[in-house]
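# Residue-level structure breakdown
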Amino acid sequence: MILQDKRLTGGIAAAILVAAASGFSVARCTSEAAKPVAPKVNAQAGGKAPANDAVEMTAAAIREAGITTQTIAAGGLAAEIVAHATVTAAPNGEALVTARASGAVTRVFKRLGDPVRAGEALAIVESREAAQIAADGTTAAARARLAVRGVARERYLYDQKVSARVDLERAEAEAAAANAEARRAQVAAGAANVTRDGRGVIVASPISGRITAQQVSLGAFVQAETPLFRVADPRLIQIEAALGAIDAQRIAAGDGAAIELPDGRIVAARVRAVTPTLSGETRAATAVIDVTDGTLQPGQSVRVRLKPANVQAGGIVVPESAVQSLEGRDVVFVRSAAGFRARPVTTGRRSAGRIEILSGLTAGQTIATGEAFLLKAELAKGAGEED
């Protein structure tokens, strides 16, 4: 009886173990069946999954990332002339300020880099020449007043039949000469910018701007017409581009131009004039380009793209930095309402950092030019996250 009880107890225990094992297997299968499965991307022809071609960015984010854009226009490489140029001051945008008389510098009001207004005093030069100019003016003015009184006296005498008419005419001639001398002395004093006390001359700026050069020290003796200051107005600049003989014949006043700045920006400009002859030293003509960008400084080197108006060429030309390689194909990022969208393009010839787009873009679209590789990296990162 006891043996049967033990067998019964062992059978029940075995049945319990089998049931527990079966429950664990069922629970495991149920758990694996409930686990979510990642959605698969439908493959395109060739076995490649389609990549998202849009990058969402706000205008503030675009500026913060330093991505520059450009509105493209029609015209192939044949419609552009790429040249190196130099930023120079316009003829009315720079002035050499000199002393109008020899003497010692007694006061200096401005230093290098200071802003100045037109007519503002920069320094004072004490000079014996200034004293002589002031004395000549005083003497000439006194003689003119005396001559006027002499004319009045001779006229009275002539009216009284006391003196002859020739005496009146002589007095009038002397008065005219004295007045002319007085005006000459006054103009000389004004041209020299003599101080009110007559002891020196005022060195004043003829234009508004900033002092870009200073060659004067307090107490130094300077000669007349010695340059003491250089003043430039940064708003009044121009760009001079060197052109070969053949290219110079294709460019005329009024043609469009684009200035490529070091920070990647493109500034629109226009050709003002082209020299009719070649320089004897460089064998090149000079195209003078008007530009109003306030960030350019005289002496800065830039690259310009000139666009002759009489050349019509198909295709579109963009900077090489705008074309990125994405999944084995060339793309350009076109500006959209939400950011940018990668647009596949077919490229053609390359020249001087420019590349011709044969298809994929149309004139008037705005594309990313500078830092476009950041958009490519953003797309690659998004594709990696989806995988």
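Here, every reference points to the structure presented above.
Let us look at the structure shown here. These figures come from a predicted structure and were not determined experimentally.

Rules used in this analysis
Residues numbered from 1 in each chain as written. Predicted model: local features only at pLDDT ≥ 70, side-chain atom pairs only at ≥ 80, totals over all residues. Heavy atoms only, no water. Pairing = 2+ DSSP bridges. Helix = DSSP H or I, 4+ residues; strand = E, 2+ residues; numbered from the N terminus. Axes fitted to C-alpha atoms, helices over the stretch in contact; angles between N-to-C directions. Parallel < 35°, antiparallel > 145°, perpendicular 65-115°, else oblique. Left-handed = near helix turned anticlockwise from the far one by under 90°. Nonpolar A, V, L, I, M, F, W, Y, C, P; charged D, E, K, R; others polar. Expected span 1.5 Å × (residues − 1). Buried < 20%, exposed > 50% of the residue type's maximum accessible area, 1.4 Å probe, protein only. Contact = heavy atoms within 4.5 Å. Polar contact = N/O pair within 3.5 Å; in protein donor to acceptor, adjacent residues only side chain to side chain.

Around the barrel, 6 strands lie side by side as β3-β12-β15-β14-β13-β16; this closed barrel has antiparallel pairing. Pairwise comparison of adjacent strand axes, ignoring direction, gives a mean angle of 40° for this sheet. Bridge analysis of strand β3 (residues 81–89) against strand β16 (residues 301–307) gives 6 bridges, and the strand direction is antiparallel. Bridge pairing in β16 places A83 opposite V304.

Next up on the list: the packing of helix α3 (residues 128–159) against helix α4 (residues 165–192). Between α3 and α4, the shortest axis-to-axis distance is 8 Å and the interhelical angle comes to 160°. With respect to their mutual orientation, α3 and α4 come out roughly antiparallel. In this structure, the crossing between α3 and α4 has a hand that is left-handed. Partitioned by chemical class, the residues of the contact of α3 with α4 number 17 nonpolar, 3 polar and 9 charged.

Pairing within the open sheet is antiparallel, and its 4 strands lie in the order β8-β7-β5-β10. Two strands lie at the open edges of the sheet, namely β8 (200–204) and β10 (221–222), each paired on one side alone. Sheet topology places strand β7 (residues 121–126) next to β8; 5 bridges connect them, and they run antiparallel. Its bridge partner lying in β8, A123 is registered against V203.

Here 3 bridges tie strand β1 (residues 54–56) to strand β20 (residues 339–344), and the two strands are oriented antiparallel to one another. Bridged to A54 within β20 is R341. Sheet topology note: the strand β19 (residues 329–335)/β20 ladder contains 5 bridges and is antiparallel. Across the sheet, residue V331 finds its bridge partner in β20, namely P344. Between β19 and β20, which pair antiparallel one after the other, the connecting turn spans 3 residues.

A few words now on α3. With 32 residues, α3 ought to run about 46 Å at 1.5 Å a step, and its terminal C-alpha atoms sit 47 Å apart, in line with that. Listed as buried for α3 are A130, A140, A144, A147, G150, V151 and E154. Its buried side turned inward, α3 meets α4 and β8. For α3, the side-chain oxygen to backbone nitrogen distance between the N-cap and E129 is 3.0 Å, and the N-cap itself is S127. One or two residues past the end of α3 sits K161, with phi positive at roughly 65°.

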